[in-house]
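These are the residues of each chain, in order.
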Amino acid sequence: MSAFTAFTTAIVPAAGLGTRFLPTTKAVPKELLPVVDTPGIEYVAAEAAEAGATRLVIVTSPGKEAVADYFRPQPELEATLAERGKDALLEKVRRAPGLLAVETATQDKALGLGHAVGCAEPNLRPEDEAVAVLLPDDLVLPTGVLARMAAVRAEKGGTVLCAFDIPRAQISAYGVFDVEDTGEDDVKKVNGMVEKPPADEAPSTFAAAGRYLLDRAIFDALGRITPGAGGELQLTDAIALLIDEGHPVHVVVHRGGRHDLGNPGGFLRAAVDFALDHPEYGPSLREWLSARISGR
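Here the structure is a predicted model, which means the values were calculated and not measured.

Undergrad: Help me out: how do you make sense of the overall build of the chain in this one?
TA: Each helix and strand in the chain was counted, giving 10 helices and 13 strands. Taking 19 Å as the expected radius of gyration for a compact globule of 296 residues, we find that the chain reaches 20 Å, a close match to that expectation. Taking the principal axes of its C-alpha atoms as reference, the chain extends roughly 60 × 50 × 40 Å. Within the chain, the proportion of its 296 residues that are buried is 47%. Long-range contacts, defined as pairs at least 24 residues apart, comprise 76% of the intrachain contacts of the chain with a sequence gap of at least 6.

Here you go:
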């Protein structure tokens, strides 16, 4: 049996202000905006649970208590739906609270992703040798990459990240990994990382995605890095420090798709994509879209 245990705790940083969705996010947290009829954060929590997580630590900011409240049972609503025979709706309402145990950590100031992850350290238990971090803006499809990442950690130890293979012409918009082959398909050893390089200088076409399986050593590294641009603590700087110190870091290249829920354009694409696959809404939406696009 491997010395590197699977993770059971997942962290979701959800403290941002959602400025690109203002004015809606004055009152409704971005993470609760529905992709068809399900908030993006429920999809992310379900992905974590599917990969073996039993605890979810949501890093929130003051005024965003509704994000964690979404995962709490609502007995009165459930009783009302049960009395009215709304069994399908009752199942939907109970779905999120039944996924995993949810608790919160607070990030008082927006000081970067590294700072947000560090805010969850007091929530960890002694047995949490590794934690998953899932960015709620990223829907990685199909699910399953976290389980592959856990298998790679079990074999190779250290920290495992998710990467997408991006066309070189688009690579300058991403953080890009400097990698070498391991002899295993779609598993690369990471030697470094370059943030938004010119396309002709990028060390690879493998770009960071919003899934991380971090060895607990990351929290010590977060305490030793210095703030970067904007005074923020960057998670990638802490990972780079671990690499420099000989900590093994690998990436799993995910050959699926993704949706960026962090901006209205990406959010709309996700909603349309999910709605087209919905048995109730898909057929009529497809017909309407065809007519709308053709100008009929």
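Undergrad: Can you walk me through the side chain of histidine 247 in this structure?
TA: Structurally, the position occupied by histidine 247 is in the loop between helix 8 (235-244) and strand 12 (249-253). The exposure class of histidine 247 is buried, given its relative accessible area of 15%. Among residues more than four places away in sequence, those in contact with histidine 247 are Gly158, Thr159, Asp215, Ala217 and Leu242.

Undergrad: Sorry if this is basic, but what is going on with the pattern of salt bridges here?
TA: A side chain of one charge can pair with a side chain of the opposite charge if their charged atoms are brought near each other. All chains considered together, the criterion is met by 20 salt bridges. Its salt-bridge partner being aspartate 128, residue arginine 55 comes within 3.5 Å of it at the nearest N-O pair. Highlighted residues: arginine 55 in strand 4 (residues 55-60) and aspartate 128 in the loop between helix 5 (113-118) and strand 6 (130-134), separated in sequence by 73 residues. Using a relative accessible area of 9% as the deciding quantity, one classes arginine 55 as buried. In this structure aspartate 128 comes out as buried when scored by relative accessible area, which is 2%. Connected via shared salt-bridge partners are Arg55, Glu103, Arg125, Glu127 and Asp128.

Undergrad: How should I be thinking about the packing of aromatic side chains in this particular structure?
TA: Here a ring pair, both rings aromatic, is described through the centre-centre distance and the interplanar angle of the planes. Within this structure, the stated rule accounts for 3 aromatic pairs. For the pair phenylalanine 21 and phenylalanine 267, a centre-to-centre distance of 5.8 Å together with 75° between the ring planes defines the contact as edge-to-face. Within this pair, whereas phenylalanine 21 is found in the loop between strand 1 (9-13) and strand 2 (34-35), its partner phenylalanine 267 is found in helix 9 (residues 264-276), the two being separated by 246 residues in sequence. There is no split in this pair, since phenylalanine 21 and phenylalanine 267 are both buried.

Undergrad: Mind showing me how you'd approach the environment of alanine 275 here?
TA: Checked against the element boundaries, alanine 275 lands in helix 9. Other than its neighbours up to four places away in sequence, alanine 275 contacts Val36, Tyr281, Gly282 and Leu285.

Undergrad: Quick question: what am I supposed to make of the nonpolar core here?
TA: One broad rule of soluble globular proteins: the nonpolar side chains tend to lie buried together. Counting 47 residues, the largest nonpolar core has Phe7, Leu56, Ile58, Phe71, Leu134, Met149 and Leu213 as the members making the most contacts within it. The biggest single contributor to this core is helix 6 (residues 145-156), with 5 residues. In terms of nonpolar packing, the next biggest core, distinct from the first, is built from 35 residues, Ile11, Ile225, Ile243 and Val251 among them.

Reading the values: rules and limits
Residues numbered from 1 in each chain as written. Predicted model: local features only at pLDDT ≥ 70, side-chain atom pairs only at ≥ 80, totals over all residues. Heavy atoms only, no water. Helix = DSSP H or I, 4+ residues; strand = E, 2+ residues; numbered from the N terminus. Rg over C-alpha atoms; globule rule 2.2 N^0.38 Å. Buried < 20%, exposed > 50% of the residue type's maximum accessible area, 1.4 Å probe, protein only. Contact = heavy atoms within 4.5 Å. Salt bridge = Lys/Arg side-chain N within 4 Å of Asp/Glu carboxyl O. Phe/Tyr/Trp six-rings, centres within 6.5 Å; stacked < 30°, edge-to-face > 60°. Core = buried A, V, L, I, M, F, W, Y, C linked by side-chain atoms within 4.5 Å.

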